[in-house]
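Structure assessment
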Protein chains: 2
Amino acid sequence: MNRISDNPVTTEALSNHRDIALAHGGGGQLTDELLRQVILPRLGNDVLSQLTDSALLPPSWQNRLALTIDGYVVTPWRFPGGDIGKLAVCGTVNDLAVSGAQPLALALSLIVAEGFPQRDLEAVLDSVAATAAQAGVRVVTGDTKVVGRHQGDGIYITTSGIGLCPPSRRLGLDRIREGDMILVNGPVGEHGLAVMLAREMPHVHSVLRSDVTPLNHLIDFCAQQLGDDLLFMRDPTRAGLAGVVADMAQQTQLHVTLEEFSIPVRPEAEHAADMLGLDVLEVANEGKVVMVVRGDAANRALDALRSAGCEQAAIIGCIDSKHDGMCELHTTIGGRRVIAKPYGEQLPRIC
Amino acid sequence: MNRISDNPVTTEALSNHRDIALAHGGGGQLTDELLRQVILPRLGNDVLSQLTDSALLPPSWQNRLALTIDGYVVTPWRFPGGDIGKLAVCGTVNDLAVSGAQPLALALSLIVAEGFPQRDLEAVLDSVAATAAQAGVRVVTGDTKVVGRHQGDGIYITTSGIGLCPPSRRLGLDRIREGDMILVNGPVGEHGLAVMLAREMPHVHSVLRSDVTPLNHLIDFCAQQLGDDLLFMRDPTRAGLAGVVADMAQQTQLHVTLEEFSIPVRPEAEHAADMLGLDVLEVANEGKVVMVVRGDAANRALDALRSAGCEQAAIIGCIDSKHDGMCELHTTIGGRRVIAKPYGEQLPRIC
């Protein structure tokens, strides 16, 4: 689920684009506008309007049951490090996990274009099965539709998941305050860049692979280690790390500072981002989690991540005393720049 | 979710069609083969392999929570009597309801093609909102993806739903036995025929409208009236009434007899089926439920349906003493014919 922006600067954009544009699906400001101007006025309610990654149903409804859904339209459907099947399971498991929920079960909907090779469908399902096993969750229901050869694009998957949120796990933007610290579990930008390279420059040889992986076991371990000091989590998918921190600043109206030299980025990701003309901070990840923890728990959080195998996990920023809703990056060369949410579609169809 | 067939006659078919064919999405025998040969070998488990309309999670998991998912690719997206938004809510609510569950919440995933008019998206969402209100259920989470202009076909919706099954409500094919009676809540075939007419013969004027409607309140009322005498329900969507009764006979290995003169069909549906060369029993419904009840409760069931406004509800058949897994139709002119599940795609993209 995308989140909403309160930025009034671009409210005219949707009326200037009366047809849906690719950029409306990019996870940036245009997606926010679609949500705010078109979707929420029709469907909004106290749960949906929170626009969290999973809906946490109120306690009277089944002790905080989490429900999430995501459509996957990535092209090519197979990319270095994964495929649409692995992505569909990880995306849903991770949306549950960052909401504090332990996944209970998945539902899988396939929309396949006529002529899609059966062996490819089998490969996708093998990947779904392997990834679900890795995450320790089962696909318990599903549906398959076939559309005409020219009416779809290979295969689309929509995955829905339910999970249970332990009553003791209290996560939310409302718990964030001055002095809290921000961590990430490893190098950023690799999913989006690996998919873009595979699509746009298939002739380029790169060791870059998508980071797509289920995070539920890692997150569960950290949550146990950190207890009430774990305040908020989000997986930086579409719109990347920039999207998450900009959203966080805007919604809390606190000031977020990131230290560029602390943000882990692999050299091959830097090179790919340079080649493609992209900002690695705005590119989607599918195996990363941004955690906000109490300041005095930051080293404990880092130790927990590292002991769970995230060797490149890092403390990347903090919540400052200003109350301006801005996110600022201290760059490696000593400068400062504001991190905003990307406007529209930077990278179409990467998830 | 489609169900599986044990019919061995056509097991070669999938290997003869190494690419996915439209017929694999038709809800008939080819869909069964795709399920049996491709999907279940990879993802099967004790819940998924039951292939019910909703997965009922075992009691140790949250007191029989139901989870369902369905993709909707209907074209045209707006048809007489409804549109893809209404269909997406009804299909999911009804899958929960026929499983005995009361809907708790819905999740909505949109895959929209670039260039789809915003006013049409708004109309679809208005329809989602109105239908959800009618069913008394809320959309609590969602996702939107946009694909290229030529990579999708207007709009696809995948809806997932969760529901709670009252502990007292025991429904299942295993409860069906000789002497049980079969009912339907009204005239059949209207959804598929209305969509096909709108698509194939837009110049033909017809009063035929899709029957698409949420059934949860009706089903809840009947379940309360019938208690333990309500044995099994299924909504006859893709593959129609024929698909449901053929499946029921095959899976129980009992003999099902239907009386053609008892099956409610409106004259305009008869005419449309004749024009399109279709068997009205094999055409999808989106506001119908097939109920199996104990023989001595059949009139009570009929009274319950009629008192809830289903004036054309009818007792249409019974479970016979033979144990041959066949379904037989006693025709109006005194003949008999076997009702089999349609083989492949009779009507593409009607839901």
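Not measured: the values here are computed from a predicted model.

As a further point, take the relation of the copies chain A and chain B. Note on the copies: chain A fits chain B at an RMSD of 0.0 Å, the axial shift is 0.0 Å, and the rotation between them is 180°. The transformation relating the two chain copies, once decomposed into turn and shift, fits a two-fold axis. For chain A, the residue whose C-alpha comes nearest the rotation axis is glycine 152 of chain A, separated from it by 2.3 Å. The share of interface residues of chain A whose copies in chain B are also at the interface is 100%, consistent with both copies meeting through the same surface.

Moving on: the pattern of salt bridges. Residue and element names in this part refer to chain B. Applying the stated rule across the entire model yields 34 salt bridges over all chains. When the shortest N-O distance is used, the salt bridge between lysine 288 and aspartate 211 registers 3.0 Å. Of this pair, lysine 288 sits in the loop between helix H8 (267–276) and strand E11 (290–293) while aspartate 211 sits in the loop between helix H5 (190–200) and helix H6 (216–226); the two residues are 77 residues apart in sequence, bridging distant segments of the chain. Using a relative accessible area of 7% as the deciding quantity, one classes lysine 288 as buried.

A word on the nonpolar core. By size, the foremost hydrophobic cluster in this structure holds 79 residues, and its most contacted members are Leu110, Leu121, Ile155, Leu193, Leu241, Leu258 and Leu281 of chain A. Counting contributing residues, this core receives three or more from each of domain 1 (54–164) and domain 2 (173–338) of chain A. Each residue touching leucine 121 of chain A, except ones within four places of it in the same chain, is listed here: Leu110, Val112, Phe116 and Ile155 of chain A together with Ile20, Leu34 and Val38 of chain B. Counting residues in hydrophobic clusters, the runner-up holds 78 residues, among them Trp77, Leu87, Ala132 and Val212 of chain B.

On to the sheet that holds strand E8 (residues 181–184) of chain B. Residues and elements named next belong to chain B. Overall, mixed pairing links the seven strands, which are arranged E9-E11-E8-E12-E10-E13-E14 in an open sheet. Every interior strand has two partners, whereas the edge strands, strand E9 (230–234) and strand E14 (336–338), have only one. On average, each strand axis in the sheet is tilted by 25° relative to the strand beside it, whichever way the strands run. Here strand E10 (residues 255–259) runs beside strand E12 (residues 314–320); their pairing, made up of four bridges, is antiparallel. Note on E12: the bridge partner recorded for histidine 255 is aspartate 320.

A few words on the packing of aromatic side chains. Under the defined criterion, the tally for this structure stands at three aromatic pairs over all chains. Taken together, a centroid distance of 6.1 Å and an interplanar angle of 50° make the contact between tyrosine 156 of chain A and tyrosine 156 of chain B tilted. Linking tyrosine 156 of chain A in strand E7 (residues 155–164) with tyrosine 156 of chain B in strand E7 (residues 155–164), this pair reaches from one chain into another. Just as tyrosine 156 of chain A is buried, tyrosine 156 of chain B falls in that class too. Note on tryptophan 77 of chain B and phenylalanine 116 of chain B: the rings are 6.0 Å apart at their centroids and 70° apart in plane angle, and the pair reads as edge-to-face. Of this pair, tryptophan 77 of chain B sits in the loop between strand E2 (65–72) and strand E3 (78–79) while phenylalanine 116 of chain B is found in the loop between strand E5 (102–113) and helix H4 (118–135), placing the two residues 39 residues apart along the sequence. There is no split in this pair, since tryptophan 77 of chain B and phenylalanine 116 of chain B are both buried. The lysine or arginine in question, lysine 145 of chain A, covers the ring of tyrosine 72 of chain B, its NZ or CZ lying 5.6 Å from the ring centre.

Every contact between the two is made by 77 residues of chain A and, on the other side, 77 residues of chain B. A combined buried area of about 6,900 Å² lies between chain A and chain B, and 63% of that area is made up of carbon and sulfur atoms. When the area that chain A buries against chain B is broken down by residue, the three leading residues are Ile20, Arg42 and Gln118 of chain A, summing to 10%. One can count eight salt bridges joining chain A with chain B. Among the salt bridges present, the one from aspartate 126 of chain B reaches arginine 42 of chain A, with a minimum N-O distance of 2.7 Å. In this assembly, chain A and chain B are joined by 16 residue pairs in polar contact (both at pLDDT 80 or more). The set of elements that each furnish at least two residues to the side of chain A that touches chain B consists of helix H2 (29–43), strand E2 (65–72), strand E5 (102–113), helix H4 (118–135), strand E6 (138–147) and E7 of chain A. Class assignment of the residues belonging to the side of chain A that touches chain B gives a composition of 41 nonpolar, 21 polar and 15 charged.

What follows deals with the environment of arginine 149 of chain A. Along the chain, arginine 149 of chain A falls in the loop between E6 and E7. Apart from residues lying up to four places away in sequence, arginine 149 of chain A is in contact with Ala113, Glu114 and Gly115 of chain A.

Before going further, it helps to examine unusual backbone geometry. Excluding glycine, residues mostly have negative phi values, and the peptide bonds linking residues are mostly trans. The residue after threonine 75 of chain A, namely proline 76 of chain A, is reached through a cis peptide bond having omega 0°. One can find proline 76 of chain A in the loop between E2 and strand E3 (78–79). Notably, glutamine 253 of chain A is not glycine yet its phi reads approximately 60°, a positive angle. With respect to the helices, strands and loops of the structure, glutamine 253 of chain A is situated in the loop between helix H7 (240–252) and strand E10 (255–259). Of note in this structure, alanine 239 of chain B is not a glycine but carries a positive phi near 75°.

The rules we used
- Residues numbered from 1 in each chain as written.
- Chains lettered and ligands numbered in written order.
- Predicted model: local features only at pLDDT ≥ 70, side-chain atom pairs only at ≥ 80, totals over all residues.
- Heavy atoms only, no water.
- Least-squares fit on C-alpha atoms with pLDDT ≥ 70 in both.
- Contact = heavy atoms within 4.5 Å.
- Salt bridge = Lys/Arg side-chain N within 4 Å of Asp/Glu carboxyl O.
- Helix = DSSP H or I, 4+ residues; strand = E, 2+ residues; numbered from the N terminus.
- Buried < 20%, exposed > 50% of the residue type's maximum accessible area, 1.4 Å probe, protein only.
- Core = buried A, V, L, I, M, F, W, Y, C linked by side-chain atoms within 4.5 Å.
- Domains from an automatic or database assignment.
- Pairing = 2+ DSSP bridges.
- Axes fitted to C-alpha atoms, helices over the stretch in contact; angles between N-to-C directions.
- Phe/Tyr/Trp six-rings, centres within 6.5 Å; stacked < 30°, edge-to-face > 60°.
- Lys NZ or Arg CZ within 6 Å of the ring centre and 35° of its normal.
- Buried area = accessible area lost by both parts, 1.4 Å probe.
- Polar contact = N/O pair within 3.5 Å; in protein donor to acceptor, adjacent residues only side chain to side chain.
- Nonpolar A, V, L, I, M, F, W, Y, C, P; charged D, E, K, R; others polar.

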